[in-house]
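# Working through the structure, step by step
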Amino acid sequence: MVSAVLAAAVAFAVAGPAHADKKSRQKAPTKIVYLTFDDGPNPSNDPRLLKVLAREHVPATFFVLGSLVAADRQRATELWLAGHALGNHTWAHPDLTFLSPQAIHHQFAATQRVIGPGAGACMRPPYGATNSTVVGVAGGLGLKQILWTVDPQDFSHQDATYLTNHISSRVHHKAIVLLHDGGGPRGATTSAVKRLIPLLRARGYEFRTVPACRVPLKGAVTDAAKPKQRKPPEPPEPVPTPTAPAGMAL
Ligand SMILES: [Zn+2]
């Protein structure tokens, strides 16, 4: 690595300013945008959303709930096999800032276990509610916190035109867009995604999975670029009954 950097520096010095000018005229780096979907997997919304993403070859990041993965493991596996990254959105969607460190640990650990080898090394706290305890407990499990930079509030605005305009007017390089595939009907969200893909590509954006979420926590390969080479995750171990407060508020 060091020698490569040195070689590049030497090449630059030898080539001189003319080389630098040529470089500066090269095409600007591609802009990247990360689409993220929370609160799934969802049997009503995911099939159409996955179809749209597959047709356009767009990888996305799904922050899934452990309790829903446990109820429909096949659907979570399908997300992963389709080339998407899976992040940890807790087991039962509590506000983690009200929980003890032990309860926070359980929310993340049980979810990580039920997702299995497809789980990325990332988490998103429900409601974005976080503090140093939440970050610390997640970090102890190897999970990096991922929030967002663009939030069209698709919960409140089930209007594809509104969502499309909101996102396209605020998107930026490395934008993390917060959307939902769970918690209710998401037809407007899916329609907005369908419109946004060509719109943002025309402006030079590429769609990627959130880097931390494509890193497997336990050695499984989650290369989003080669989904066809993937093998289904092994069946997860039985998950203990969650001790978090009941009543999943989405
Ligand atoms: Zn959520």
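Residues numbered from 1 in each chain as written. Predicted model: local features only at pLDDT ≥ 70, side-chain atom pairs only at ≥ 80, totals over all residues.

This part is about the overall build of the protein. What the protein contains, in helices and strands, is 9 helices and 7 strands. The buried share of the protein, taken over its 250 residues, is 39%. Taking the intrachain contacts of the protein between residues at least 6 apart in sequence as the baseline, contacts between residues at least 24 apart amount to 82%. (Helix = DSSP H or I, 4+ residues; strand = E, 2+ residues; numbered from the N terminus. Buried ≥ 20, exposed ≤ 12 C-beta atoms within 10 Å, placed from the backbone. Contact = placed C-beta atoms within 7 Å.)

Take helix H9 (residues 187-202) next. In an α-helix there are 3.6 residues to a turn, and that puts residues three or four apart on one side. Over its 16 residues, H9 runs 24 Å from end to end, which matches the ideal 22 Å to within 8%, given 1.5 Å per residue. Buried residues of H9: Thr189, Thr190, Ala192, Val193, Leu196, Ile197 and Leu200, and no others. Against strand E1 (31-40), helix H3 (46-55), helix H8 (160-170), strand E6 (175-180) and strand E7 (205-208) lie the buried residues of H9. (Expected span 1.5 Å × (residues − 1).)

Turning our eyes to something else, we now look at the pairing of E1. Most of E1 is tucked away: 8 of the 10 residues are buried. As judged from the 4 bridges shared by E1 and E7, these two strands associate in the parallel manner. Note that in E7 the partner of Ile32 across the bridge is Glu206. In this sheet, strand E2 (residues 61-64) lies alongside E1 in parallel orientation, the contact comprising 4 bridges. Looking across to E2, one finds that Phe37 is bridged to Phe62. One crossover worth recording links E1 to the parallel E2 by way of H3, and it is right-handed. (Pairing = 2+ DSSP bridges. Right-handed = clockwise from strand over helix to strand, strands pointing away.)

Before going further, it helps to examine the environment of Val114. Inspection of the secondary structure assignment puts Val114 in helix H6 (residues 101-115). Remark: the alpha-carbon pair of Val114 and Ala70, spanning 44 residues in sequence, is separated by 6.3 Å.

At a minimum axis distance of 9 Å, the contact between H6 and helix H7 (residues 132-140) shows a crossing angle of 50 degrees. When the interaxial angle is binned, H6 and H7 end up oblique. Every pair of crossing elements has a handedness; the one defined by H6 and H7 is right-handed. Note on element contacts: H7 touches H6 through Thr133, Val134, Val137 and Ala138, opposite Pro101, Ile104, His105 and Phe108. Across the contact of H6 with H7, the residue classes break down as 6 nonpolar, 2 polar and no charged. (Axes fitted to C-alpha atoms, helices over the stretch in contact; angles between N-to-C directions. Parallel < 35°, antiparallel > 145°, perpendicular 65-115°, else oblique. Left-handed = near helix turned anticlockwise from the far one by under 90°. Nonpolar A, V, L, I, M, F, W, Y, C, P; charged D, E, K, R; others polar.)

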